[in-house]
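Read off the chains here:
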Amino acid sequence: SYIIAKRLTGVKERYLNSDPLSAKLVGAILYDGQTRFDPMFVYVGKAEDFERISVTCEGITFLMTGAVPLKWKEQTKNDVLAVSSHVLCSHLVTEVFKLYGLINSWEEKLKQAILDKKSLNDLCQIACTFFQNPLMVHNLDFEVLGIGEYGDYQYAYKIYEPNTDYLVQEVVDMLVTDPDYPSTFKHTTPQLFYDKWDLCDLYMNVFIDGSYVARIVVDSVEGNYLTECDFYPLFIFSKYVQNHLQFHPASIYRYLASFKGQLAEFIRSPKTYEKGIPLYTLERLKWDPHSRYLCMYIVSDQRARSSGSIEFQCGLLENTFNNCIAFSSDDHMICVMNLDVHQGNMEMNRNKIMQFLRDQIMHAGISDIFTDFQKLPFYYEQAREAYLYGEESENPGWGHVFSDIRLGYVLHHGIYSLSADALLPYEIHKLIEHDKEHNGHLVETLKVYVEEQGNIQESISRMYIHRSTFNYRFAKIKEIITDSLMDSPDKWLYLSLVLRLV
């Protein structure tokens, strides 16, 4: 019904109530007034002939010449289409059968392309001639797996890496900045959406064994807009794309490798991802952006490198710790660990990490715990500097935790040697966020309190506030930060130094 409504020349009225993905019609029949209705056929006749029919029938498709009677406009159980009263009914039957022939021919070409082991580009080119719009198939990382161009209308994409085509960043940003974008991966039926140019585009996700692997996008062009009438053809085409990807798995980009590439670029040049790593990439790992994370900067001993490549050692890390991803960067490894995925307290995690480093003859710098994944580049700085400073010390050891060496590092290199984000403990970042949201002056209060060596009366006098105000603020501070942040003279000194950066 939907295909006829869009493709039959001269349709002036349409009242479509059936499921746009149903495909029950097999032909067209001229209505003679005595016909017993069968939902498998389109019934063609004059509007006045159909006006005498009771609307109690259900699931039937009617194609009329003339104006649709009011009672047929108001019913919701049948599909009704109408063309001019000047059109011959026999002509309409012929045209409907031509449409069936067009659809069958199109499907036969898709089937033959699969049998001939044609490329996904070939499948897309066959498909776009039916949609009369360009279309593409891309994966979660916006790598273009297949593309079909229509006339002068072409998709814009550019090369980011050798032999891989990616959508332009402008299009990617339009999608991933939409807060509802991650939820679109769950759709199993065709979906319409409006792009930034207010054109209604059409997409459908492709799944293999229940996992999302790709998305087909049909791009509306001026004069040939996409509607629900295009749902069924896209639904059919998606089955051929799924078939192709099942038999040619190399077409499916391995998102984890791509994600590691994103992280490496994010760490090297945070401005590349000014809005941070898109959250949907974390969702695929089932990682929460606000979990507790560690970053490790790892260098293998020469003896370890002789027994295996850095890539092999990254795999060993991931197999040992099921809560991390590891990848190489220049001459070292970077490991990002989600502490909330792995069971056990921090001390257990730390002991296991140190044992692994010793056994594999590796040396590492380990960042503080952080709870905002978008700050990863700063904690990479921590891990790198912890490694470099630790290796220069008299007792290098296997792992150097930034929180253990940070006072010595700051006294040696100064508080401006690293960014404030990298030097401030993550609890202080939480205080800063609280102040931004509630204008609570907690950081200012803690700063004065530390500078006054914990003397409450001096802090109150210096800030010109009432004792109850100070007590309220300090109680809030204690809710956010732990006693261990100020439980020794070294930590007091470190706080008094780095709080100057706030």
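So, here's what we can say about the structure. (Residues numbered from 1 in each chain as written. Predicted model: local features only at pLDDT ≥ 70, side-chain atom pairs only at ≥ 80, totals over all residues. Heavy atoms only, no water.)

### With respect to the sheet that holds strand β6 (residues 135–138)
Thinking step 1. Read from one edge to the other, the open sheet built from five strands follows the order β7-β6-β12-β11-β10, with strand pairing classed as antiparallel. Pairing within the sheet leaves two strands with one partner each, and these edge strands are β7 (144–148) and β10 (191–194). Going across the sheet, the axis of each strand differs from the next one's by a mean of 25°, ignoring polarity.
Thinking step 2. Pairing geometry for β10 and strand β11 (residues 200–208), over four bridges, is antiparallel. Across the sheet, F193 pairs through a bridge with D201, a residue of β11.
Thinking step 3. The strands touched by helix α5 (residues 120–131) are β6, β7 and β12 (211–218); relative to β7, the strand with the most contacts, the crossing angle is about 40°.
Thinking step 4. Packing of helix α7 (residues 231–247) onto the sheet brings it into contact with β6, β7, β10, β11 and β12, and relative to β11 it is tilted by some 35°. (Pairing = 2+ DSSP bridges. Helix = DSSP H or I, 4+ residues; strand = E, 2+ residues; numbered from the N terminus. Axes fitted to C-alpha atoms, helices over the stretch in contact; angles between N-to-C directions. Contact = heavy atoms within 4.5 Å.)

### A short note on the packing of aromatic side chains
Thinking step 1. The tally for this structure, following the rule as stated, stands at 26 aromatic pairs.
Thinking step 2. Taking 5.7 Å as the distance between ring centres and 10° as the angle between the ring planes, the aromatic pair formed by F470 and F474 counts as stacked. Highlighted residues: F470 and F474, both in helix α19 (residues 467–480), separated by four residues, approximately one helical turn.
Thinking step 3. F470 gets classed as buried once you look at its relative accessible area, which sits at 0%.
Thinking step 4. Of note, R7 hangs over the ring of F130, and the distance from its end group to the ring centre comes to 4.0 Å. (Phe/Tyr/Trp six-rings, centres within 6.5 Å; stacked < 30°, edge-to-face > 60°. Buried < 20%, exposed > 50% of the residue type's maximum accessible area, 1.4 Å probe, protein only. Lys NZ or Arg CZ within 6 Å of the ring centre and 35° of its normal.)

### A few points about the side chain of D79
Thinking step 1. Tracing the backbone through its elements, the reader meets D79 in strand β5 (residues 79–83).
Thinking step 2. Notably, D79 is buried but unbridged: the nearest opposite-charge side chain belongs to K24, and the N-O separation is 4.9 Å.
Thinking step 3. A distance of 2.6 Å separates a polar atom in the side chain of D79 from the backbone nitrogen of N17.
Thinking step 4. Here the side chain of D79 touches S18 through a polar contact of 2.5 Å, side chain to side chain.
Thinking step 5. Residues within four places of D79 in sequence aside, it is in contact with S1, Y15, L16, N17, S18, I60, T61 and F62. (Lys, Arg positive; Asp, Glu negative; His and termini not counted. Salt bridge = Lys/Arg side-chain N within 4 Å of Asp/Glu carboxyl O. Polar contact = N/O pair within 3.5 Å; in protein donor to acceptor, adjacent residues only side chain to side chain.)

### A closer look at the packing of helix α16 (residues 426–438) against helix α17 (residues 442–451)
Thinking step 1. Following both chains from N to C, one finds α16 and α17 inclined at 135°, their axes separated by 8 Å at the closest point. Comparing the axis directions of α16 and α17 gives the class oblique. In this structure, α16 contributes I428, L431, I432, H434 and D435 to the contact, and α17 contributes L442, V443 and L446.
Thinking step 2. Tallied by class, the residues present in the contact of α16 with α17 amount to six nonpolar, one polar and one charged. (Parallel < 35°, antiparallel > 145°, perpendicular 65-115°, else oblique. Nonpolar A, V, L, I, M, F, W, Y, C, P; charged D, E, K, R; others polar.)

### What to know about the packing of α17 against α19
Thinking step 1. Two elements in contact, α17 and α19, have axes separated by 10 Å at closest approach and are oriented at 95°. The angle between α17 and α19 falls in the class roughly perpendicular. Taken together, the residues of α19 that come into contact with α17 (itself represented by L442, T445, L446 and Y449) are F470, R473, F474, K476, I477 and I480.
Thinking step 2. Its residues assigned to classes, the contact of α17 with α19 shows seven nonpolar, one polar and two charged.

### Comments concerning the environment of M463
Thinking step 1. Assignment of secondary structure puts M463 in helix α18 (residues 456–463).
Thinking step 2. Between the alpha carbons of M463 and Y449 there is a distance of 9.8 Å; along the sequence they are 14 residues apart.
Thinking step 3. If near-sequence neighbours (up to four positions away) are discounted, M463 is found in contact with E444, T445, V448 and R473.

### Brief notes about the nonpolar core
Thinking step 1. Ranked by internal contacts, the top residues of the largest apolar core, which has 36 residues, are I428, L431, L446 and M486.
Thinking step 2. Of all elements in the fold, only α14 (402–413), α15 (420–423), α16, α17, α18, α19 and α20 (489–498) reach the threshold of two or more residues within this core.
Thinking step 3. Among the elements that make up this core, the one with the highest residue count is α17 (six residues).
Thinking step 4. The contact partners of M486, leaving out residues within four places of it in the chain, are L446, Y449, V450, I481, K491, W492 and L495.
Thinking step 5. With 34 residues, the next largest nonpolar core counts A113, I126, L135 and V241 among its residues. (Core = buried A, V, L, I, M, F, W, Y, C linked by side-chain atoms within 4.5 Å.)

### So, the pairing of β5
As a general feature of sheets, a regular strand has side chains that alternate between the two faces.
Thinking step 1. Of all five residues that make up β5, five are buried, and the element is covered over most of its length.
Thinking step 2. The alternating pattern of β5 places D79, L81 and V83 on one face and V80 and A82 on the opposite face, and all of these are buried.
Thinking step 3. As paired elements, strand β1 (residues 13–15) and β5 share three bridges and run antiparallel to each other. Considered in β5, the bridge of E13 is made with A82.
Thinking step 4. Where strand β4 (residues 61–65) lies against β5, five bridges are found, and the strand directions are parallel. If you follow T61 over to β5, its bridge partner there is D79.

### Section: the pattern of salt bridges
Thinking step 1. In this structure the tally under the stated criterion is 16 salt bridges.
Thinking step 2. For the salt bridge of K111 with E108, the shortest nitrogen-to-oxygen distance reads 3.7 Å. One end of the pair, K111, and the other, E108, are both in helix α4 (residues 89–115), three residues apart, so they sit about a helical turn from each other.
Thinking step 3. Residue classification places E108 among the partly exposed residues on the basis of a relative accessible area of 47%.
Thinking step 4. Put simply, E433 and K436 hold a salt bridge, and the shortest N to O gap is 3.9 Å. Here the residue E433 and the residue K436 both occupy positions in helix α16, the gap between them amounting to three residues, near one helical turn.
Thinking step 5. For K436, a relative accessible area of 64% translates into the label exposed.
Thinking step 6. Through salt bridges with shared partners, a single ionic network connects E451, E452 and R462.

Don't take any of this as a statement about function, it's just geometry.
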